[in-house]
Amino acid sequence: MSIFKGLSSPSLRCVAGSELRFGNLFCRKIYNTSLKTDMAALDVIPPVLDSKSEPPTLFDGTTRLYISLTCPFAQRAWVARNYKGLYDIQLVAIDLQDKPAWYKEKVYPPGSVPSLEHNGKVTGESLDLLEYIENNFEGPKLAPTEAEKKEAANELLEYSGTFQKTTFMALIKPETEVAEATAPTLDYLENALGKFSDGPFFLGEFGVVDIAYAGLFERFQIVYPALKNYDITIGRPNLLKWIQEVNKIDAYTKTKPKPEEVVETYKMILARFQK
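Residues numbered from 1 in each chain as written. Predicted model: local features only at pLDDT ≥ 70, side-chain atom pairs only at ≥ 80, totals over all residues. Heavy atoms only, no water.

A. Region of interest: the packing of helix α7 (residues 178-192) against helix α8 (residues 208-228). At a closest axis distance of 14 Å, the pairing of α7 and α8 adopts a crossing angle of 155°. Judged on the interaxial angle alone, α8 and α7 are roughly antiparallel. Here the hand of the crossing between α7 and α8 comes out left-handed. Taken together, the residues of α8 that come into contact with α7 (itself represented by V178, T182, L186 and L189) are Y213, F217, Y224 and K228. Residue classes in the contact of α7 with α8 are distributed as six nonpolar, one polar and one charged. (Axes fitted to C-alpha atoms, helices over the stretch in contact; angles between N-to-C directions. Helix = DSSP H or I, 4+ residues; strand = E, 2+ residues; numbered from the N terminus. Parallel < 35°, antiparallel > 145°, perpendicular 65-115°, else oblique. Left-handed = near helix turned anticlockwise from the far one by under 90°. Contact = heavy atoms within 4.5 Å. Nonpolar A, V, L, I, M, F, W, Y, C, P; charged D, E, K, R; others polar.)

Now the structure itself:
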């Protein structure tokens, strides 16, 4: 049984659709000079390409992962690439606020990120890309092999859209209502982390489920104290331990935006969303 079984079902098309809706809000970030400089200083980060930038030599046999440096959905594929040691996959950073026309016209018609150019075709959607990378490239395995863990992985991957939408929408609520509004999704994850005892991650060992949640969770962990005076890990020791352990993994930490940039991004998103 594939851990991605069911991801094309009607219920998960809704997850994918919401990912595009909210994902564009998350990713339409005006990149300032300091962010470009800080992120480009990492050894694998290229310059951000905007509407004035020329495209790479497309479909020349090079495998390219198109990302946005602050997008939590693109971050999923980026982390998987790093964790598997797939540094031959070239990163192409797209500025979605000032998007190159050639990206939508010649690479990926939906115009969103992430997308992967490989073997003459382009695959998009972050959860689909996690499956594609797992099935088409070498490196440490990210998917479980045990039946019980496969089932748990499927449930958690399906739930990731609910977590994203519910926890984001709670940011719109008054400060006094935030704890109640976020409790169902956060407690769901807290309990899920207690299911397997062979490690601090969702399925014991670090894998695809951790990648699906980490970027989103850590953004909320930054934003809620700053904007709502609320710590989402209070009373949730499993979640706190989990995100601390995730932050010991270089494949993840090299993809993180700066906290102050996260806060400013969410302020901008919420302002747009509430118009």
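B. Fine view of the nonpolar core. Counting residues in hydrophobic clusters, the biggest one holds 79 residues, and the most contacted among them are L65, F163, F202, V209, Y213 and W242. The biggest single contributor to this core is α8, with 11 residues. Look past the residues within four positions of L65 in its chain and what remains in contact with it is A77, W78, R81, I89, Q90, L91, V92, P114, S115, L116 and L129. (Core = buried A, V, L, I, M, F, W, Y, C linked by side-chain atoms within 4.5 Å. Buried < 20%, exposed > 50% of the residue type's maximum accessible area, 1.4 Å probe, protein only.)

C. Spatial organisation of the packing of aromatic side chains. Under the counting rule described, the total for this entry stands at 14 aromatic pairs. Between the aromatic rings of F201 and F206, the centroid separation amounts to 5.5 Å while the plane-to-plane angle is 80°, which identifies the pairing as edge-to-face. Across this residue pair, the class does not change: F201 and F206 are buried. Grouping aromatic residues by their ring pairs yields a cluster made of F163, F202, Y213, F217, F220, Y224, Y230, W242 and Y266. Directly above the aromatic system of F196 lies the positively charged group of K149, at a separation of 5.4 Å from the ring centroid. (Phe/Tyr/Trp six-rings, centres within 6.5 Å; stacked < 30°, edge-to-face > 60°. Lys NZ or Arg CZ within 6 Å of the ring centre and 35° of its normal.)

D. Expanded view of the side chain of E117. Along the polypeptide, E117 turns up in strand β4 (residues 115-118). Classification of E117 by relative accessible area gives buried; the value is 2%. Polar side-chain contacts of E117 include one of 2.7 Å to the side chain of Y66. Setting aside residues up to four positions removed in sequence, E117 forms contacts with L58, F59, D60, T62, T63, R64, Y66 and V122. (Polar contact = N/O pair within 3.5 Å; in protein donor to acceptor, adjacent residues only side chain to side chain.)

E. Spatial organisation of unusual backbone geometry. Backbone torsion omega between V113 and P114 reads 5°, so that peptide bond is classified as cis. By the secondary structure assignment, P114 is in the loop between α4 (101-107) and β4. At E125, a position not held by glycine, the phi torsion is positive, near 75°. Within the element layout of this structure, E125 appears in the loop between β5 (121-124) and α5 (126-136).

What is shown is where atoms sit, not what they do.
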